[in-house]
Amino acid sequence: QVQLVESGGGLVQVGGSLRLSCAASGRTFSGYAVGWFRQAPGMERVFVAANMWTDSTYYADSVKGRFTISRDNAKNTVYLQMNSLKPEDTAVYYCAASFGLGHAMISREDKYDDWGQGTQVTVSS
């Protein structure tokens, strides 16, 4: 099991940027797929982006070209750089990890075993 702690959320204006961090403790991210999901008020939690241990990356269509997921193995941290933010990006953002998860299941939240507590992102217009 890996413990995850997100940080970096906050209030930003439309068009602004934020960088979320997901720091792991207990184990390293080696061999893990790490994903970001988000949940807007009254909505289900949905996939945003994921980074596999191979460093392959995957994105939801709604964030392609605006968000970038990256991994720093030395810091045992995964980042989500969010640019050109829109009001519809407002949500609680969660990072999650799954050991050995294949790319075919990368967007399935039920395939992730470990979750952080979430960090709020609010984009004001």
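Structural data are supplied above this passage.
In short, a report on the structure. (Residues numbered from 1 in each chain as written. Predicted model: local features only at pLDDT ≥ 70, side-chain atom pairs only at ≥ 80, totals over all residues. Heavy atoms only, no water.)

With respect to the side chain of Thr77
Stated formally: Only DSSP runs of H or I reaching four residues or more are called helices, and only runs of E reaching two or more are called strands; each is numbered from the N terminus. In protein, a polar contact means a hydrogen-donor-capable atom and an acceptor-capable atom, both N or O and within 3.5 Å, with residues adjacent in sequence counting only if both atoms are side-chain atoms; elsewhere, any N or O pair within 3.5 Å suffices. Whether two residues touch is decided by their heavy atoms; if any such pair falls within 4.5 Å, the residues are in contact.
Topologically, Thr77 is positioned in strand E8 (residues 77–82). Of the polar contacts made by the side chain of Thr77, one reaches the backbone oxygen of Lys75; its length is 2.8 Å. If we ignore the near neighbours within four places in the chain, the residues touching Thr77 are Ser21, Cys22, Ala23, Phe29, Ser70, Arg71 and Asp72.

Looking at the state of the cysteines
What we call a disulfide is simply a covalent bond connecting the sulfur atoms of a pair of cysteines. In plain terms, the rule: Only a pair of cysteine sulfur atoms within 2.5 Å counts as a disulfide in this structure description. The classification of residues rests on relative accessible area computed with a 1.4 Å probe and restricted to protein chains. Under 20% of the type maximum is buried, over 50% is exposed, and intermediate values are partly exposed.
One pass over the full model with this rule turns up 1 disulfide. Each sulfur in the disulfide pair Cys22 and Cys95 lies 2.1 Å from the other. Handedness of the Cys22-Cys95 disulfide follows from its S-S torsion of about 65°: it is right-handed. Of this pair, Cys22 sits in strand E3 (residues 18–25) while Cys95 sits in strand E9 (residues 91–99), and the two are 73 residues apart along the sequence. Each member of the pair Cys22 and Cys95 is classed as buried.

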